[in-house]
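Residues per chain are reported as follows:
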Amino acid sequence: RTGAITPVARIAPQMVGGVTVENVTLHNVGEVERLGLKIGDKVTITRRGDVIPKIIENLGPANQKDLENRFHANGDEFSIQLKQEQIIIPQLCPACERELVIDGAFLRCISLECEARTNRAITYWCRSLEMDGIGEKLVELLLDKGLISSIADLYSLEHHQISSLERMGDKSANNVIEELNKTKNLSLSKFLHALGMERIGPEVASVFAQHFITMEAILKWVDSGEIEQVTQIDGIGEKVAEIFKLGIQKRRQSIDDLMELIGINDEDSKHSGSLDNQTFCITGSHSRGRKEIALAIKNAGGKVVGSVSKNLDYLVAGEKAGSKLITAEGLGITIMTETELFEKIKPQKSSTSKTLFEF
DNA sequence: CTGTGCCCTTTCGTTCGGAG
DNA sequence: CTCCGAACGAAAGGGCACAG
């Protein structure tokens, strides 16, 4: 979507924290250089928070002995001829073969016509709008068959076009169309987020949406407005304002097409309720899905964050909570259960009348 | 100019459900 | 049975905004 090339290292199978790891994130091109990695090097790895495998240190060239007695997760023996080679940083995009550009620590394809980027943009659209069942593979299939070439094309898909695809049937096609129909009316903030502009995630999109209220106002600003009008918003600086403006301009055709197909609703004013000005982080497993819990918190005026810090007010911890719970305990943060959270929310459920009254 | 904190984005393995 | 996709677990690097 942003055109960044994200390198991944394949490593000989290694048990870490109870699972067999064969793929390790390298984050960005800068990281490869920082580690001075070569193919055939021996490395030490860890799993960040017992989850994502990451290289800590490069120990230099490996030898054949390092590869002995290693097995894939399914029990098959690992066998490969050890070779030592330089890593060649690609000059051209592996997908569209256009020239790549170094951007800080990242290596990017900046072509908007790149098929890989189109796929990412469409996948991101679907994921950010929480459509189930439309993933990378299906999008790739649709692109390959020429059934779509943009986000807007999704909304013209017909049942028979989807059901005739490999591994898709009547039922799957129905599900896909139903999911698409569900997104034919969007709030402005969701729409802006789903456009997938760099650095404009759900929070920032919401800030812009609250400022402009309507898509028409945004388009008007892009055509004639000054950057200054937007940099006055709390949390928005010159850079983000510029990215936003350029992002809308670059996507103008796409936005016009989408506005023909879907309704963009004016942004509601912020939710408020019993959890105003309080931050929550969710960890562990709960009876409700995380999305549902997060939504309930937001609807009550609370804020959901992804990590534990000293500024966090409450950690909602369920079963099998991991390091977040330990961190929170260390910081003296209030730990609550899912049940306690919903008890806190419940009493002021009828916020509609309250809001009306305030006006 | 610098430090702090926040936001965005991405990463892998396991497990499970839905469909073909 | 096989494939796909999603839901989980959770951190970190980059980069910005802003306060001091």
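Located above this text is the structure these notes cover.
These notes cover the structure that comes with them. (Residues numbered from 1 in each chain as written. Chains lettered and ligands numbered in written order. Predicted model: local features only at pLDDT ≥ 70, side-chain atom pairs only at ≥ 80, totals over all residues. Heavy atoms only, no water.)

**What about the overall build of chain A?**
Assigned secondary structure in chain A consists of 15 helices and 12 strands. Reported as C-alpha extents along the three principal axes, the dimensions of chain A are approximately 75 × 50 × 50 Å. Taken across its 359 residues, chain A has 38% of its residues classed as buried. A separation of at least 24 residues holds for 55% of the contacts in chain A among residues at least 6 apart in sequence. Accessible surface computed for chain A: about 21,600 Å², of which carbon and sulfur atoms make up 49%. Looking at chain A, you have 43 positive and 51 negative side-chain charges, and the mean spots of the two groups are 4 Å apart. (Helix = DSSP H or I, 4+ residues; strand = E, 2+ residues; numbered from the N terminus. Buried < 20%, exposed > 50% of the residue type's maximum accessible area, 1.4 Å probe, protein only. Contact = heavy atoms within 4.5 Å. Areas by Shrake-Rupley, 256 points an atom, 1.4 Å probe, with all protein chains shown as cover. Lys, Arg positive; Asp, Glu negative; His and termini not counted. Charge placed at Lys NZ, Arg CZ, Asp CG, Glu CD.)

**With respect to the side chain of Arg251**
Secondary-structure assignment places Arg251 in the loop between α10 (238-250) and α11 (252-261). Separated by 3.3 Å, the side chain of Arg251 and the backbone oxygen of Leu195 make a polar contact. Ignoring sequence-local partners within four residues, the contact set of Arg251 consists of Leu195, Gly196 and Met197. (Polar contact = N/O pair within 3.5 Å; in protein donor to acceptor, adjacent residues only side chain to side chain.)

**Describing the protein's contact with DNA strand C**
The environment of DNA strand C is made up of 36 residues, and the closest members are Gly235, Gly237, Gly284, Arg290 and Ser323. Considering the 4 Å shell around the protein, atoms of DNA strand C inside it are sugar or phosphate in 83% of instances. A distance of 3.0 Å separates a phosphate oxygen of DNA strand C from a polar atom in the backbone of Gly133. One of the backbone N or O atoms of Glu238 is found 3.4 Å from a phosphate oxygen in DNA strand C. (Near = heavy atom within 4 Å.)

**A word on the pairing of strand β1 (residues 8-16)**
Relative to strand β2 (residues 19-25), β1 runs antiparallel, the two being bridged by 6 bridges. Residue pairing in the sheet places Ala9 in a bridge with Val24 of β2. (Pairing = 2+ DSSP bridges.)

**Considering the protein's contact with DNA strand B**
Around DNA strand B lies a shell of 32 residues, among which Thr6, Arg48, Gly169, Asn175 and Lys310 are the nearest. Sugar and phosphate atoms form 88% of the subset of DNA strand B atoms that lie within 4 Å of the protein. Taking Tyr124, its side chain carries an N or O atom lying 3.0 Å from a phosphate oxygen of DNA strand B. With 6 residues, the top contributor of residues to the surface near DNA strand B is β2. Here the residues of the surface near DNA strand B sort into 11 nonpolar, 10 polar and 11 charged. (Nonpolar A, V, L, I, M, F, W, Y, C, P; charged D, E, K, R; others polar.)

**Thoughts on the environment of Asn63**
Topologically, Asn63 is positioned in the loop between β4 (52-61) and β5 (100-103). Asn63 sits 222 residues away from Ser285 along the chain, and the two C-alpha atoms are 42 Å apart.

**Re the sheet that holds strand β12 (residues 334-336)**
Spatially, 4 strands are ordered β10-β9-β11-β12 in an open sheet, and the strand pairing comes out parallel. Pairing within the sheet leaves two strands with one partner each, and these edge strands are β10 (303-304) and β12. As defined by bridge partners, strand β11 (residues 314-317) adjoins β12 across 3 bridges and the pair is classed as parallel. Bridge assignment links Val316 to a residue of β12, and that residue is Met336. The strands touched by helix α13 (residues 323-331) within the sheet are β9 (279-283), β11 and β12, with β11 carrying the most contacts at an inclination of about 145°. (Axes fitted to C-alpha atoms, helices over the stretch in contact; angles between N-to-C directions.)

All we've got here are geometric facts, nothing functional implied.
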